[in-house]
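Survey of secondary and tertiary structure
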Amino acid sequence: MQNDPEKEKEMKELIRGVEAAVNMLESVNSANGWTVVFKHCYIDENGKFCSIAYLRNDFMLHMSDELREERRKNAEELLAKTKEEAAEKKEERTIIEAAQEDKAGRTIVKQQTQVGANLDLKI
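Scoring rules and cut-offs
- Residues numbered from 1 in each chain as written.
- Predicted model: local features only at pLDDT ≥ 70, side-chain atom pairs only at ≥ 80, totals over all residues.
- Heavy atoms only, no water.
- Pairing = 2+ DSSP bridges.
- Helix = DSSP H or I, 4+ residues; strand = E, 2+ residues; numbered from the N terminus.
- Patch = residues over 30% accessible without salt bridge, like charges linked within 9 Å, V, L, I, M, F, W, Y side chains within 5 Å.
- Areas by Shrake-Rupley, 256 points an atom, 1.4 Å probe, with all protein chains shown as cover.
- Salt bridge = Lys/Arg side-chain N within 4 Å of Asp/Glu carboxyl O.
- Buried < 20%, exposed > 50% of the residue type's maximum accessible area, 1.4 Å probe, protein only.
- Lys, Arg positive; Asp, Glu negative; His and termini not counted.
- Charge placed at Lys NZ, Arg CZ, Asp CG, Glu CD.
- 1 Å grid on protein atoms, 1.4 Å probe; cavity = no way out; pocket = protein on both sides within 12 Å on 5 of 7 lines; lining within 4 Å.
- Points joined across faces, edges and corners; volume = space filled by probe spheres on them.
- Nonpolar A, V, L, I, M, F, W, Y, C, P; charged D, E, K, R; others polar.

Okay, the pairing of strand β1 (residues 34–43) next. As defined by bridge partners, β1 adjoins strand β2 (residues 49–57) across nine bridges and the pair is classed as antiparallel. Across the sheet, His40 pairs through a bridge with Ile52, a residue of β2. Connecting the antiparallel pair β1 and β2 is a turn made up of five residues, with Gly47 showing a positive phi of about 85°.

Moving on to a nonpolar patch on the surface. A cluster of nonpolar residues, Val37, Phe38, Ile52 and Tyr54, forms a patch on the protein surface that exposes about 420 Å² of accessible area. Mapped onto the elements, Phe38 comes out in strand β1. Its relative accessible area of 45% is what places Phe38 among the partly exposed residues.

Turning next to a negative patch on the surface. Among the surface-exposed residues, Asp4, Glu6, Glu10 and Glu13 lie close enough to one another that they form a single negatively charged patch. Tracing the backbone through its elements, the reader meets Glu10 in helix α1 (residues 5–31).

Leftover empty space is mapped by rolling, across the atoms, a probe with the size of a water molecule. Taken as a whole, the largest pocket encloses approximately 170 Å³ of empty space. Lining the largest pocket are 14 residues, with Val22, Leu25, Lys39, Ser51 and Ala53 positioned closest to its centre. Where the lining of the largest pocket is concerned, the elements lending two or more residues are α1, β1 and β2. In terms of residue class, the lining of the largest pocket is built from nine nonpolar, three polar and two charged.

In structure tokens form, the structure reads like this:
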């Protein structure tokens, strides 16, 4: 770099870009409630940027037991709802597949889990 001014200029631009990226990432993390405990960034001899950081979520550290319990319940409700929706979609797929597999010309009528939803198909 001492003998090559073009390489020096390129490395200075790379360092400036890395500093800007690290500062932006740190501001995003702090805005989301994360605190940087440790960070290290470097550029290796090939000009590749490497970074490592250890972040801590302060919100979770200071959350009350009531909030933790509420968060756990909300997560369980969301999981149950997702499982129900997946089961309904799976049942709908099996009904459609059964209708497509019936090649004898019979009429298929099956009750879905939703109220008033019937599948009448004549082939």
